[in-house]
Amino acid sequence: MYPNLYYAFKDWFGVEWEALSFLNTFGLMVALGFIVSAIVLSAELKRKEKQGLLFPREEFIMVGKPASLSELLINFLTGFIFAYKLVGLFFNKPDDVNPQDYIFSREGNLLGGIVFGIFLAGIKWWDKNKQKLKEPEQRTIRIWPHDRVGDIIIIGLIFGLLGAKLFDNFENWDEFVEDPIGRLFSQSGLTFYGGLILAAIAIAWYAIKKGIKPIHLADAVAPALMIAYAVGRIGCQVSGDGDWGIYNSAYITDEATAKVVKATPAEYHDQLKEHSTYFLIDTIINPDGSKELITDRKSESLNKVPHASFTAPAFLPNWMVAYNYPTNVNKDGITMPGAEGEYNKVLPIPVFPTPFYETVLCTLLFLFLWAIRRRLRTPGVMAAIYLIVNGIERFTVETIRVNARYNFIGFNLSQAEIIALLLILSGLLLWVFLPKKTGHTNAA
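Now for a quick tour of the structure. (Residues numbered from 1 in each chain as written. Predicted model: local features only at pLDDT ≥ 70, side-chain atom pairs only at ≥ 80, totals over all residues. Heavy atoms only, no water.)

**Overview of the overall build of the protein**
Secondary structure assignment for the protein yields 16 helices and ten strands. Carbon and sulfur atoms make up 65% of the accessible area of the protein, which totals about 23,600 Å². (Helix = DSSP H or I, 4+ residues; strand = E, 2+ residues; numbered from the N terminus. Areas by Shrake-Rupley, 256 points an atom, 1.4 Å probe, with all protein chains shown as cover.)

Here's what the structure looks like:
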């Protein structure tokens, strides 16, 4: 596992550059996901513009004006926040504090923030002053929808993170009540569907405001969302952020080597008993979402540890069905033999690597959406198909993932499963309703 780039470079090139430790692997893959989605979205918007489905909008701008106080202030604050944290990571971070916790703390380098803030504000002043005219004039410019991809991505990022955080805290309400400030500003705890829902609302509002038909934007966004999610899940897998599946009881972790080895049912139960405290505290979840913390009925509680036994076929490596996430970023598990540094944990029993499954599935689904996009003539049908296949994919993976459960129309389902079912239903309704409303068929 590579919690950050320090571990990646150490493994790949044999160098130990501590400065890379603040670059979180998961965060970098999420950023890459946004970049890839921006490229896909821009390409789709341009295609729809050529089809005459999307149009430019004229807007008025003032040129030749000096930099305003608000522009200088925004640049200063941007530079200040960036350098306050970045310089602080290099020169002020205590050795016993990990970089991610430091970023989400109040600590930083005040002098570095001020200097860089002034520098960015100066750049803005210089750029505006260079274009300054004796008499500022108003000009009309045409802005196409694909020119707004940057704004759409930023809105999606901000409201996506906010929604993901809010939904995660709803799902873990007891932990939020105990420490609301810590939960809101912690680096962990993100629920994809929360981000998807809130970001969708914010982007739809922006599209309407800018004269972009939301239904065409939704069609263009669908394949971009699918590939962005696939790339983001690479970060989950590579960093070991805890978003994995249930235990595979056909294997255990050899404590002498930290390697995954095949196990008999007896060896699996022996491993459970040896690390009973870990399993009882961290992983036993009842149908109502509560965790088992019972200590006087250990044998009974250990039997409730969520697991399934599946041995990898000869043509597949074991890690595809049983992975123990050594040096995972969550510091989850037992101490690895001879391991040094803050990330020195490994799961005592391997789990099904669901982030890997989702990366593969969502990449295939992206290729499917990309292949059929030119054949679909009814506006909104691409978005409907996305909702259906995304919901099916997530619901399927959730069956081997451990999450809190809720009573939903008589079934015990996780928050993600409930939302996945609603997305499937919404997609099916759109699929049936849209052709009737428009008079088009679904395919050319």
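**Some remarks on the packing of aromatic side chains**
For the structure shown, the criterion picks out 19 aromatic pairs. On the numbers, 5.8 Å between centres and 35° between planes, the contact of phenylalanine 9 with tryptophan 17 is tilted. When its relative accessible area of 21% is taken as the criterion, phenylalanine 9 is described as partly exposed. When the centroid spacing of 6.1 Å and the interplanar angle of 25° are considered together, the rings of phenylalanine 76 and phenylalanine 80 count as stacked. Taken together, the residues span about one helical turn, with phenylalanine 76 and phenylalanine 80 both in helix 3 (residues 69-91) at a distance of four residues. Of the residues examined, phenylalanine 76 reaches a relative accessible area of 24% and is grouped as partly exposed. When the ring centre of tryptophan 370 is taken as origin, the NZ or CZ atom of arginine 373, which lies over that ring, is 3.6 Å away. (Phe/Tyr/Trp six-rings, centres within 6.5 Å; stacked < 30°, edge-to-face > 60°. Buried < 20%, exposed > 50% of the residue type's maximum accessible area, 1.4 Å probe, protein only. Lys NZ or Arg CZ within 6 Å of the ring centre and 35° of its normal.)

**Overview of the packing of helix 14 (residues 354-372) against helix 15 (residues 381-398)**
Put simply, helix 14 and helix 15 touch, their axes get as near as 11 Å, and they point 160° apart. Of the possible angle classes, the one that applies to helix 14 and helix 15 is roughly antiparallel. For the pair helix 14 and helix 15, the sense of crossing is right-handed. Facing helix 14, whose interface residues are Thr354, Glu358, Leu361, Cys362, Leu365, Phe368, Leu369 and Ile372, helix 15 presents Met382, Ile385, Tyr386, Val389, Glu393, Arg394 and Val397. Of the residues in the contact of helix 14 with helix 15, the class split is eleven nonpolar, one polar and three charged. (Axes fitted to C-alpha atoms, helices over the stretch in contact; angles between N-to-C directions. Parallel < 35°, antiparallel > 145°, perpendicular 65-115°, else oblique. Left-handed = near helix turned anticlockwise from the far one by under 90°. Contact = heavy atoms within 4.5 Å. Nonpolar A, V, L, I, M, F, W, Y, C, P; charged D, E, K, R; others polar.)

**Here's the deal with unusual backbone geometry**
Unusually for a residue other than glycine, alanine 258 sits at a positive phi of about 65°. Summarising the element assignment, alanine 258 is placed in the loop between strand 4 (251-254) and strand 5 (259-262). Although it is not a glycine, threonine 327 sits at a positive phi angle of roughly 50°. Assignment of secondary structure puts threonine 327 in the loop between strand 6 (307-308) and strand 7 (334-335).

**Examining the side chain of glutamate 393**
Here glutamate 393 shows up in helix 15. Discounting residues that sit within four places of it in the chain, glutamate 393 has contacts with Tyr229, Glu358, Leu361, Cys362 and Leu365.

**Things to note about a negative patch on the surface**
There is a patch of like negative charges on the surface, built from Glu255, Glu267, Asp270 and Glu274. What makes glutamate 274 exposed here is its relative accessible area of 52%. (Patch = residues over 30% accessible without salt bridge, like charges linked within 9 Å, V, L, I, M, F, W, Y side chains within 5 Å. Salt bridge = Lys/Arg side-chain N within 4 Å of Asp/Glu carboxyl O. Lys, Arg positive; Asp, Glu negative; His and termini not counted. Charge placed at Lys NZ, Arg CZ, Asp CG, Glu CD.)

**Section: the packing of helix 3 against helix 5 (residues 110-130)**
Direction vectors running N to C along helix 3 and helix 5 enclose 145°, while the axes themselves pass 6 Å from each other. Classified by chirality, the crossing of helix 5 by helix 3 is right-handed. Between helix 3 and helix 5, the residues in contact are Glu71, Leu72, Asn75, Phe76, Thr78, Gly79, Phe80, Phe82, Ala83, Tyr84 and Val87 and Leu110, Gly112, Gly113, Ile114, Phe116, Gly117, Ile118, Leu120, Ala121, Lys124, Trp125 and Lys128, respectively. Residues that form the contact of helix 3 with helix 5 fall into these classes: 14 nonpolar, six polar and three charged.

**Some thoughts on helix 11 (residues 265-274)**
Of all the positions in helix 11, only Tyr268, Gln271 and Leu272 are classed as buried. Buried residues along helix 11 cover an arc of 100° about the axis, so they all sit on one side. Seen from the open side of helix 11, the exposed residues pointing more than 90 degrees away from its buried face are Lys273 and Glu274. (Arc of directions from axis to C-beta.)

**Description of the nonpolar core**
Counting residues in each nonpolar core, the largest one holds 41 residues, and the members touching the most others are Leu41, Leu45, Leu217, Met226, Ile385 and Tyr386. Mapped by element, the contributors of at least two residues to this core are helix 2 (25-50), helix 6 (149-171), helix 9 (192-209), helix 10 (214-239), helix 14, helix 15 and helix 16 (415-438). Sort the elements by how many residues they give to this core and helix 10 lands first, with ten residues. (Core = buried A, V, L, I, M, F, W, Y, C linked by side-chain atoms within 4.5 Å.)

**Here's the deal with the pattern of salt bridges**
Considering all chains together, one arrives at 13 salt bridges under this definition. Put simply, lysine 210 and glutamate 59 hold a salt bridge, and the shortest N to O gap is 3.8 Å. Taken together, the residues span a long stretch of sequence, with lysine 210 in the loop between helix 9 and helix 10 and glutamate 59 in strand 1 (residues 57-63) at a distance of 151 residues. Classification of glutamate 59 as partly exposed rests on a relative accessible area of 22%. In this structure, the salt-bridge partner of glutamate 342 is lysine 331, at a minimum N-O distance of 3.0 Å. One end of the pair, glutamate 342, is in the loop between strand 7 and strand 8 (345-346); the other, lysine 331, is in the loop between strand 6 and strand 7, and eleven residues separate them in sequence. You can call glutamate 342 partly exposed: its relative accessible area is 33%. For lysine 331, a relative accessible area of 33% corresponds to the partly exposed category. Residues joined by salt bridges that share partners form a network here, namely Arg233, Asp243, Glu358, Arg394, Glu398 and Arg401.

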